[in-house]
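Inside the fold
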Number of protein chains: 6
Amino acid sequence: MKRIDGRSENELRYVKITRHYLKNPAGSVLIETGDTKVICSATIAQQVPKFLKGTGTGWLSAEYSLLPGSTQTRAAREAARGRMSGRTQEIQRLIGRCLRSIMDLKALGEKNIIIDCDVIQADGGTRTAAITGSFIALVDAMESIYDTHSIFPVKDFLAATSVGIINENDAVLDLCYEEDSRAVVDMNVVMTGRGDFVEIQGTGEEHPFSRRQLDALLQKAEIGINELISYQKNILGNHLGWRIGREP
Amino acid sequence: MKRIDGRSENELRYVKITRHYLKNPAGSVLIETGDTKVICSATIAQQVPKFLKGTGTGWLSAEYSLLPGSTQTRAAREAARGRMSGRTQEIQRLIGRCLRSIMDLKALGEKNIIIDCDVIQADGGTRTAAITGSFIALVDAMESIYDTHSIFPVKDFLAATSVGIINENDAVLDLCYEEDSRAVVDMNVVMTGRGDFVEIQGTGEEHPFSRRQLDALLQKAEIGINELISYQKNILGNHLGWRIGREP
Amino acid sequence: MKRIDGRSENELRYVKITRHYLKNPAGSVLIETGDTKVICSATIAQQVPKFLKGTGTGWLSAEYSLLPGSTQTRAAREAARGRMSGRTQEIQRLIGRCLRSIMDLKALGEKNIIIDCDVIQADGGTRTAAITGSFIALVDAMESIYDTHSIFPVKDFLAATSVGIINENDAVLDLCYEEDSRAVVDMNVVMTGRGDFVEIQGTGEEHPFSRRQLDALLQKAEIGINELISYQKNILGNHLGWRIGREP
Amino acid sequence: MKRIDGRSENELRYVKITRHYLKNPAGSVLIETGDTKVICSATIAQQVPKFLKGTGTGWLSAEYSLLPGSTQTRAAREAARGRMSGRTQEIQRLIGRCLRSIMDLKALGEKNIIIDCDVIQADGGTRTAAITGSFIALVDAMESIYDTHSIFPVKDFLAATSVGIINENDAVLDLCYEEDSRAVVDMNVVMTGRGDFVEIQGTGEEHPFSRRQLDALLQKAEIGINELISYQKNILGNHLGWRIGREP
Amino acid sequence: MKRIDGRSENELRYVKITRHYLKNPAGSVLIETGDTKVICSATIAQQVPKFLKGTGTGWLSAEYSLLPGSTQTRAAREAARGRMSGRTQEIQRLIGRCLRSIMDLKALGEKNIIIDCDVIQADGGTRTAAITGSFIALVDAMESIYDTHSIFPVKDFLAATSVGIINENDAVLDLCYEEDSRAVVDMNVVMTGRGDFVEIQGTGEEHPFSRRQLDALLQKAEIGINELISYQKNILGNHLGWRIGREP
Amino acid sequence: MKRIDGRSENELRYVKITRHYLKNPAGSVLIETGDTKVICSATIAQQVPKFLKGTGTGWLSAEYSLLPGSTQTRAAREAARGRMSGRTQEIQRLIGRCLRSIMDLKALGEKNIIIDCDVIQADGGTRTAAITGSFIALVDAMESIYDTHSIFPVKDFLAATSVGIINENDAVLDLCYEEDSRAVVDMNVVMTGRGDFVEIQGTGEEHPFSRRQLDALLQKAEIGINELISYQKNILGNHLGWRIGREP
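Conventions adopted
Residues numbered from 1 in each chain as written. Chains lettered and ligands numbered in written order. Predicted model: local features only at pLDDT ≥ 70, side-chain atom pairs only at ≥ 80, totals over all residues. Heavy atoms only, no water. Helix = DSSP H or I, 4+ residues; strand = E, 2+ residues; numbered from the N terminus. Rg over C-alpha atoms; globule rule 2.2 N^0.38 Å. Buried < 20%, exposed > 50% of the residue type's maximum accessible area, 1.4 Å probe, protein only. Contact = heavy atoms within 4.5 Å. Buried area = accessible area lost by both parts, 1.4 Å probe. Salt bridge = Lys/Arg side-chain N within 4 Å of Asp/Glu carboxyl O. Polar contact = N/O pair within 3.5 Å; in protein donor to acceptor, adjacent residues only side chain to side chain. Nonpolar A, V, L, I, M, F, W, Y, C, P; charged D, E, K, R; others polar. Phe/Tyr/Trp six-rings, centres within 6.5 Å; stacked < 30°, edge-to-face > 60°. UniProt positions renumbered as here; feature names shortened; annotations may be inferred. Least-squares fit on C-alpha atoms with pLDDT ≥ 70 in both.

What follows deals with the overall build of chain A. Helix and strand counts for chain A stand at six helices and nine strands. At 18 Å, chain A has a C-alpha radius of gyration in line with the 18 Å of a compact globule built from 248 residues. Expressed as lengths along the three principal axes of its C-alpha atoms, the size of chain A is roughly 50 × 40 × 30 Å. Here chain A holds 248 residues, and 60% of them are scored as buried. Long-range pairs, those at least 24 residues apart, make up 71% of the contacts in chain A between residues at least 6 apart in sequence.

Right, let's talk about the interface of chain B and chain A for a bit. Taken together, the 29 residues of chain B in the interface contact 29 residues of chain A. For the pairing of chain B and chain A, the buried interface totals around 2700 Å² over both sides, and the portion due to carbon and sulfur atoms is 48%. Among the residues chain B hides against chain A, the three largest losses belong to Glu90, Phe197 and Glu205 of chain B. Together they make up 22% of the total. In this structure, the connection of chain B to chain A is made through seven salt bridges. At the boundary of chain B with chain A, the tally comes to 17 residue pairs in polar contact (both at pLDDT 80 or more). Where the side of chain B that touches chain A is concerned, the elements lending two or more residues are helix H2 (86-101), strand S9 (197-203) and helix H6 (211-241) of chain B. Element by element, the count of residues in the side of chain B that touches chain A is highest for H2 of chain B, at eight residues. Split into classes, the residues belonging to the side of chain B that touches chain A amount to nine nonpolar, ten polar and ten charged.

We now examine the packing of aromatic side chains. The final tally for this structure, using the stated rule, is 18 aromatic pairs over all chains. Taking 5.7 Å as the distance between ring centres and 35° as the angle between the ring planes, the aromatic pair formed by phenylalanine 209 of chain A and phenylalanine 197 of chain B counts as tilted. With phenylalanine 209 of chain A in the loop between strand S9 (197-203) and helix H6 (211-241) and phenylalanine 197 of chain B in strand S9, this residue pair bridges two chains. With respect to class, phenylalanine 209 of chain A is no different from phenylalanine 197 of chain B; both count as buried. Between the aromatic rings of phenylalanine 135 of chain F and phenylalanine 157 of chain F, the centroid separation amounts to 5.3 Å while the plane-to-plane angle is 40°, which identifies the pairing as tilted.

Okay, the UniProt feature "binding site: phosphate" (unreviewed entry) in chain A next. Taken from the UniProt record, the annotation "binding site: phosphate" (unreviewed entry) applies to Arg87, Gly125, Thr126 and Arg127 of chain A. In terms of the greatest pairwise C-alpha distance, the residues named above, spread along 41 residues, form a tight cluster of at most 13.5 Å across. Mapped onto the elements, arginine 87 of chain A comes out in helix H2 (residues 86-101). Residue contacts for arginine 87 of chain A: discarding those within four places in its chain leaves Tyr64, Leu66, Thr126 and Arg127 of chain A together with Arg93 of chain B. Here tyrosine 64 of chain A takes part through its side chain, which lies 3.2 Å from a polar atom of the side chain of arginine 87 of chain A. Structurally, the position occupied by glycine 125 of chain A is in the loop between strand S5 (112-121) and helix H4 (126-143). Filtering out sequence-adjacent residues up to four positions away, glycine 125 of chain A remains in contact with Arg13, Thr36 and Leu175 of chain A.

Once that is clear, we can look at the relation of the copies chain B and chain A. If you rotate chain B by 180° and push it 0.0 Å along the axis, it lands on chain A with an RMSD of 0.0 Å. Put plainly, the chains are arranged around a two-fold axis. By C-alpha distance to the rotation axis, the residue of chain B lying nearest is glutamine 201 of chain B, at 2.3 Å. Same-surface contact between copies: 100% of interface residues of chain B are shared with the interface of chain A.

Before going further, it helps to examine the arrangement of the chains. At their nearest point, the C-alpha atoms of chain B and chain E are still 11 Å apart, with no contact between the two. One finds no contact linking chain C with chain F; the least C-alpha distance across the pair is 11 Å.

Attention shifts here to the pattern of salt bridges. All names here are of chain F. For the coordinates displayed, the defined rule picks out 142 salt bridges over all chains. Here arginine 3 and glutamate 179 are joined by a salt bridge, their closest N and O atoms 2.8 Å apart. Note that arginine 3 is positioned in the segment before strand S1 (15-19) and glutamate 179 in helix H5 (residues 177-180), a separation of 176 residues in sequence. Like arginine 3, the residue glutamate 179 is buried in the burial classification.

Taken residue by residue, the interface counts 34 residues in chain A and 34 residues in chain F. Across the interface of chain A and chain F, roughly 2700 Å² is buried in total on both sides, 52% from carbon and sulfur atoms. Contact with chain F buries area across many residues of chain A, yet Asn24, Arg74 and Arg77 of chain A alone supply 23% of it, more than any other trio. Counting across the interface, chain A meets chain F through 13 salt bridges. Salt-bridge contacts for arginine 77 of chain A lead to glutamate 63 of chain F; the nearest nitrogen and oxygen are separated by 2.8 Å. Scanning the region where chain A abuts chain F turns up 16 residue pairs in polar contact (both at pLDDT 80 or more). Put simply, the parts of the chain that give the side of chain A that touches chain F at least two residues each are strand S3 (36-45), strand S4 (59-66), helix H1 (78-81) and S5 of chain A.

Here you go:
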């Protein structure tokens, strides 16, 4: 099979995460996967949601936005339309849910972490890049307030990628926009460093998919996510990576 | 394993679909699955979305709402708050996507079908009940305008159910609210009459899940959906069921 | 005079109130008057409006909505448009005002009752059916928290109906949609068990009406409301009906 | 009975209508009834509502607003809150309905008249003053475009007042704010020059009212409205008043 | 040079400020400059913005609105559109900023002054008239609560006018609507009684302007504002004018 | 005088403009002035505002936004609050007005240019950086559609900077956030390549300013803007810079 950008079916696009990208938030990165570029930042706020007040437990929520100039056709600004689209809300709920799954919210204490994912340039896979990048911003933010004597509230690594079926029956890893817009099945997979699934979202609106196709997609996702988590470990370094999932 | 309402792990709740529930829409049902009750209606409108004008192709979109009195704690009315929640938008996007997957939108012609799912009483599984019930409302609406000489624009059967992991490691079919609120993994599965997946949405926010657990969940979903589709065939009857997926 | 559905000018449509229709709210009914069907529920909340905080006095407010599939032409969902129409707000203000008129808000204590009226099917007279049905839901909700040793906070019975002038000069009771849309004068009347008026809203946009016509309309309204209150007494039964308007 | 401002029970407050109050709208007045002051203007627009396009028939709608400084406690600006209150919408629907009742919308032709009622100072009876004043603004606007050879599209005079029951059992005409806030029954009545009712809105939230009380209220309203219509005839003058309700 | 209304280039339109125009707000005026008419009122509220709570310091903010009938073409009501235009927000931010500049917010104490500027008729210069008029409403409101033994919290006089360049190169003072809509440069200037600038907003969207033109414009503005402040002193009278900027 | 970052009073911060920063918009840059970083993009749309339809004349409008992570304290996302703040609207109106002032909208033809300014990091002067950077994005967008045989629709260079008074009486050029938050007078100045003013917005909310201070501020602004325009000429190069303001 021939992919549009010459990659093999099991090949991720070139990934790069630049840490400490902004000077104000507690943690922030620029993640680039191919031409997709997302700024992810993690801010620590004191105000937890109402249902957690006084419980000693923290929370994490995420917001996501496309810059108007990020897409092929200019994306209308949601602030101008006065409301977020369903797609935006769905994505920010997903990002929040996934990052909460690897947080020890009890150890976090009564704090609220806000993850902001702003897409500078969109070329497919913005939500999965946002998850993979936000994980690093989150770890950096946590390091800024938890010293080595406290429980580090990040329990495991986390990364995400997309897989899909193109040309009727070819399962491929990490779809670019061109592939994504022609895919008949589209699946986002989020996994932990231990190899478990946090989220699987597969949709065959154009073409329902068989159990055999599902298995092929999940296998490719696993390959890609393993690679992404290796890269995350690499850039965090031993010192910081070692704290994830360990008690003091 | 002992379930809260005495069911076995592979057992659906009692399901009942009442056809022609409302007198005005082209198709409408009341679907009851246990204590979950949803009115689903299908209205045929002439105005397709802008991007389809003049293409001869039709569209289908869905709206979903909880009646304030449907939930344990009163659900604030979204019209009063002035906007739909992220959860609502996510669900209506899901319902629309799934029903479009079994429609021949070309054969439908330049029409817009609006599916309304209004939850009268919520006891878990409202979105999957909405899909299973809306399918029948859709078929009835289609029968009202397509005679046996035209291509019937419904290509396949469609039903949905939820599966999940409770008590740390028990995979169960069709969660009621009580189970759902305690589940560590929660998955919605939508399948066609041919046995293919249209949508898989699994989330392990409380507890990432292994590949083996995923397989167990999908197997239970398949059992439940087969049963639901048998019931759908039964209530539509031979005459109408026969038209689904067949050319004139 | 010949009415479209064969009724005489002083004849109500068939009325049926199903109590305990939903399992979650403190009180709930389905009221059917002809083809008009409304779910009315009463929820007891602790949060009174700001102006009553600390006064020991309670409040009651109402919300009203048409299900999209309830009307001949699909009613656009107000949550999707982002705001309630003027008609909706007018109706919910009316329902709240009328039910407050028969409540002893001092005896209620610092509680907030929310009445939800959701129209499942609309065939004229939805707001008056909502009032008549909500009264029962309210009584049931009150019974759930006030035992026979406290002042029962419902002071009197309450029911409503519509009257109007059709065919230029025929006053009729309880208009169905067909009649309502052709009426030249349209009036909603709300009365108590003692036979006093709580609300009179008459409008002759198409045709101003004389004093003599007004008198004819009010007389018909009185006939209809007496009958509705008899029915309410009947379904509540002696035990509960007896508590209304009596001190312990 | 002694009223707070010394008036007798059948006495209107001092009324004054200043015609041509603004230079831009086709018709505009300042109406003062006691301390209540409302600017009413009538603008003629070409764009009729969608349901009238191409029918040759016109429309009239009204908007109403309280200036923030008009009330005892500053009224929050609805533009700042982002939506109109239920009270505002109810009032503007009432004003529109009443003025349409005396318009020959066919003779008006496919035009849209917008009535703006802006309350400069509120001391009770703002909605009825708005109706009485807008009638004059409407006549002036109509005179600006219909010469004596066309059908004058205003069919009858129109005025409104409030009546109410204070001190438990005293029916009084034209309530000022002080009286209105203590009234147990409150009724707005709108009548034509021919003496017919266009609208009756009576509410006894504090105290249901008997048929005898209703009759007393309506009688007072009639006295007041007759007087207001005499004043309207007076300020319009013979020449213009004569055209109302007459064919060319 | 010949101006449209016969004025010389350094001539203000006729100005008139009517004090105590409304009975409810603490201070209120009607300011008329030519055909521009603005009601300005000052209300004293106890609730300061969050960032000032507990600081002992007060605040002042302004709101501005055009009545629909005030403009040549009817101005759509912002409450109906559900949001304030950018122009409105810009003007109310300007008015607030300017009036705060001459307030001793410490001496004011923890109070919030709300300035409402409602334009009854617009003929150019509404924002500068709003500033000049609101100053008087503010002084009257302050007099109502600060006796001669306290520090009077108004530190200086304040007035505003517009200047502009018309006919390519003629600098003129106080533009009416006709001139304003044809001006190539448009500038609003706000100055204190001591002759200092509080705000300069000049824009040459149609035609960038030179330094020499700027100097000419500022000189005219100074002439106009001096005259307006003389008028303000005149109507406030010695007794009250004397308190401005003086300690007790 | 000693500035916080060691600059002299007439010294700009280090400026850098990276052209072609995004791949999708017709023109796009990243402008950095000190720690302030803004992505500016120019998109060419076919849909002009209603008032220009059929006139053959084009339009340009601007949108501005702060990324949540750009500011010291996280800036709440305006899409989440459902509306743009007054500050945002004021800034985008300013940017649009300034860029229109150097456009030949007739030569542009019936097109609509949308300028998007997204602040990645904010350290004072974001609106002036947005203007200076957007100018380059605009020129690049124009070059993409106008060849050397057509009138190039950009008539002149355009740049902007801020000036202000700090420490009571020191006029300084190009304020960073630290200085800006303590400045008593704050002024934004926008000038063309020919040395004329397009916009002057000076505000002395904390401290009204004298004519002499105004002169000092304007002189510094001129120094800074000359330097910025030299830099713009430099990066556009002779070939492209030469086309600005020249006929073919």
